[in-house]
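# Remarks on the overall topology
Each chain is listed here by its residues.
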Amino acid sequence: MFVAQAACLRHMWEPACCAMADSEHSASPVRGVKKKQRDTQVDESELLTVPDGWKEEPFKHEDNPRGLLEESSFATLFPKYREAYLKECWPLVQKALGESFVKAELDLIEGSMTVSTTKKTYDPYSIIRARDLIKLLARSVPFDQAVRILQDDMACDIIKIGSLVRNRERFIKRRQRLLGPKGSTLKALELLTNCYIMVQGNTVSALGPFNGLKEIRKVVLETMKNIHPIYNIKALMIKRELAKDPELRTKSWERFLPTFKHKNISKRKEPKKKSVKREYTPFPPPQPESQIDKELASGEYFLKESQKRRKKLEEIKAKQAEAVTKRQEERNKAFIPPKEKPAVKQQKVSTSTKIDVNSIKEKVKKAKGKKLGALPKEEIKQKLNEKKKKK
């Protein structure tokens, strides 16, 4: 296998080495110096960036016609709940791996999947891709997405998050924060990184290009460290816009990216337990009394063993009697009727109200003197005086 890999690398690098050797032999020493000066004048950003539309040529059977020397195999276990799905899609898995001449086996008794190379296998990296495929299938990634790992420009990353947070409730909250409400945060990450993300149990499975996987691992690990993913999503959106500008491609983007400082301010200012300093004394603390000293003080030390046993039994019986009485009182509480509220007596209306006859007579007399709708005497006098003045 390693011999085949070395042959492939040699096949890839031989044309470039030959071209370099020819150019070195043909150029004179003076011309070589001038050529170096010209190369330094060329912008280094053009040399570092990959040209647009460039794609690596696929590895063909002609590159390694003799095949591999030894057989390689990988196996992985899968949970019980994935058995039914894997049983259905396994013919598709075998067909996809059969194109690169890799054998796949499903063992439902042991609960494992195995992939191994054959005599016809020519690509040494195909077994690594097959291993990643069965790992993704075991982590609940659907076959439609997992089969993309067989492409040259695809890679996968399985991030273990179970051991990053000790408290289980806190871990569940942070994992839910990664998903977001109705999966919106996860969908935003998928759109920004062009990767497929699957959060399942204690792992996060990601599938996509290398640059996107690097960003996803950073976001996941920081989310488990209690940094909200929205901050990283904002930074990714800014980076996406900056990457479109060819002038800013090689420059530092720190001045454009937002900086979020993590402030961990405790809510309580005073500690719960205040340590009070004692006064310094040169004398050591008094020695605590031993069990023999206590027995000597109470007089138990001089009792016989039979008397000690009898005393212990009496203490035990006294404690049992107290416990029985307490238990009985608690049981009797259920049979004690509650205190009824006293019925509110209706207060009788006092009928003994004195009627003043004289005041009623005076009111009646005044009412007879007045006409219905007539004005008071003072207003009538004022109107009469006004009429006289006008005349």
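How each quantity is defined
Residues numbered from 1 in each chain as written. Predicted model: local features only at pLDDT ≥ 70, side-chain atom pairs only at ≥ 80, totals over all residues. Heavy atoms only, no water. UniProt positions renumbered as here; feature names shortened; annotations may be inferred. Phe/Tyr/Trp six-rings, centres within 6.5 Å; stacked < 30°, edge-to-face > 60°. Helix = DSSP H or I, 4+ residues; strand = E, 2+ residues; numbered from the N terminus. Buried < 20%, exposed > 50% of the residue type's maximum accessible area, 1.4 Å probe, protein only. Lys NZ or Arg CZ within 6 Å of the ring centre and 35° of its normal. Pairing = 2+ DSSP bridges. Axes fitted to C-alpha atoms, helices over the stretch in contact; angles between N-to-C directions. Expected span 1.5 Å × (residues − 1). Bend = angle between axes of the 7 residues up to and from the residue. Contact = heavy atoms within 4.5 Å. Salt bridge = Lys/Arg side-chain N within 4 Å of Asp/Glu carboxyl O. Core = buried A, V, L, I, M, F, W, Y, C linked by side-chain atoms within 4.5 Å. Parallel < 35°, antiparallel > 145°, perpendicular 65-115°, else oblique. Left-handed = near helix turned anticlockwise from the far one by under 90°. Nonpolar A, V, L, I, M, F, W, Y, C, P; charged D, E, K, R; others polar.

- Going by an unreviewed UniProt entry, the chain carries the name KRR1 small subunit processome component and comes from Hymenochirus boettgeri.
- Checking UniProt for the chain, the heading Sequence similarities (unreviewed entry) contains the comment "Belongs to the KRR1 family."

## Some thoughts on the packing of aromatic side chains
- Inspection of the entire model under this criterion finds 3 aromatic pairs.
- Judged by centre distance (6.4 Å) and plane angle (65 degrees), the ring pair of Phe101 and Tyr122 falls under edge-to-face. Of this pair, Phe101 sits in the loop between helix H4 (83-98) and strand S2 (102-107) while Tyr122 sits in the loop between strand S3 (112-117) and helix H5 (126-138), placing them 21 residues apart in sequence.
- Residue classification places Phe101 among the partly exposed residues on the basis of a relative accessible area of 32%.
- Seen from their ring centres, Tyr301 and Phe302 are 5.6 Å apart, and the 90 degrees between their planes marks the pair as edge-to-face.
- Look at Phe302 and you get exposed, because its relative accessible area is 64%.
- Seen from the ring of Phe74, Arg131 lies directly overhead, with NZ or CZ sitting 5.4 Å from the centre.

## A few points about the sheet that holds strand S1 (residues 73-77)
- Strand order across the open sheet formed by 3 strands is S1-S3-S2, with antiparallel pairing between neighbours. At either margin of the open sheet sits one strand with a lone partner, and together these are S1 and S2. Neighbouring strand axes in the sheet, compared pairwise and without regard to direction, differ in orientation by 15 degrees on average.
- Two strands pair when backbone bridges link them, and S2 and S3 are joined in this way by 6 bridges, in the antiparallel orientation. Its bridge partner being in S3, Ala104 is matched across the sheet by Val115.

## A word on H4
- For H4, built from 16 residues, the straight-helix expectation of 22 Å at 1.5 Å per residue is met to within 8% by its first-to-last C-alpha distance of 22 Å.
- In H4, a bend of some 50 degrees at Cys89 exceeds every other bend along the element, and Pro91, a proline, comes one to four places later.
- Among all positions of H4, only Glu83, Leu86, Cys89, Trp90, Val93, Ala96 and Leu97 are buried.
- On its buried face, H4 is in contact with S2, S3, H5 and helix H6 (143-146).

## Considering the pattern of salt bridges
- Using the criterion set out here, one finds 10 salt bridges in the structure.
- Measuring nitrogen to oxygen at the nearest pair gives 3.9 Å for the salt bridge that ties Glu105 to Lys103.
- For Glu105, a relative accessible area of 43% corresponds to the partly exposed category.
- On the basis of relative accessibility, which here comes to 39%, the residue Lys103 falls in the partly exposed class.
- In this structure, Asp152 and Arg129 form a salt bridge, with 2.7 Å as the shortest nitrogen-oxygen distance. Of the two residues, Asp152 sits in the loop between H6 and strand S4 (155-160) while Arg129 sits in helix H5, which places them 23 residues apart along the sequence.

## Thoughts on the sheet that holds strand S5 (residues 196-200)
- With antiparallel pairing, the 3 strands of this open sheet are ordered in space as S4-S6-S5. Here the strands that pair on one side only, and so sit at the sheet edges, are S4 and S5. Strand-to-strand, the axes of this sheet are offset by a mean angle of 15 degrees, without reference to chain direction.
- Pairing geometry for S5 and strand S6 (residues 203-208), over 5 bridges, is antiparallel.

## Here we look at the nonpolar core
- Grouped together as the largest cluster of nonpolar side chains are 26 residues, with contacts concentrated most on Val93, Leu97, Met113, Val115, Leu133 and Leu137.
- Per element, the largest residue contribution to this core is 8 residues, and it comes from H5.
- Ignoring any residue separated from it by four or fewer positions in sequence, one finds Val115 in contact with Ser72, Ser73, Phe74, Leu97, Val102, Lys103, Ala104, Ile127, Ala130, Arg131 and Ile134.
- In this structure, Ala155, Leu192, Cys195 and Val204 belong to the second largest nonpolar core, which totals 21 residues.

## Side note on the packing of helix H9 (residues 210-224) against helix H10 (residues 229-243)
- Remark: H9 packs on H10, axes separated minimally by 9 Å, with the N-to-C direction vectors making an angle of 155 degrees. By the criterion of interaxial angle, the relationship of H9 to H10 is roughly antiparallel. As H9 packs across H10, the resulting crossing turns out to be right-handed. On the side of H9, the interface is formed by Glu215, Lys218, Val219, Glu222 and Thr223, while H10 contributes Pro229, Asn232, Leu236 and Lys239.
- By residue class, the composition of the contact of H9 with H10 is 3 nonpolar, 2 polar and 4 charged.

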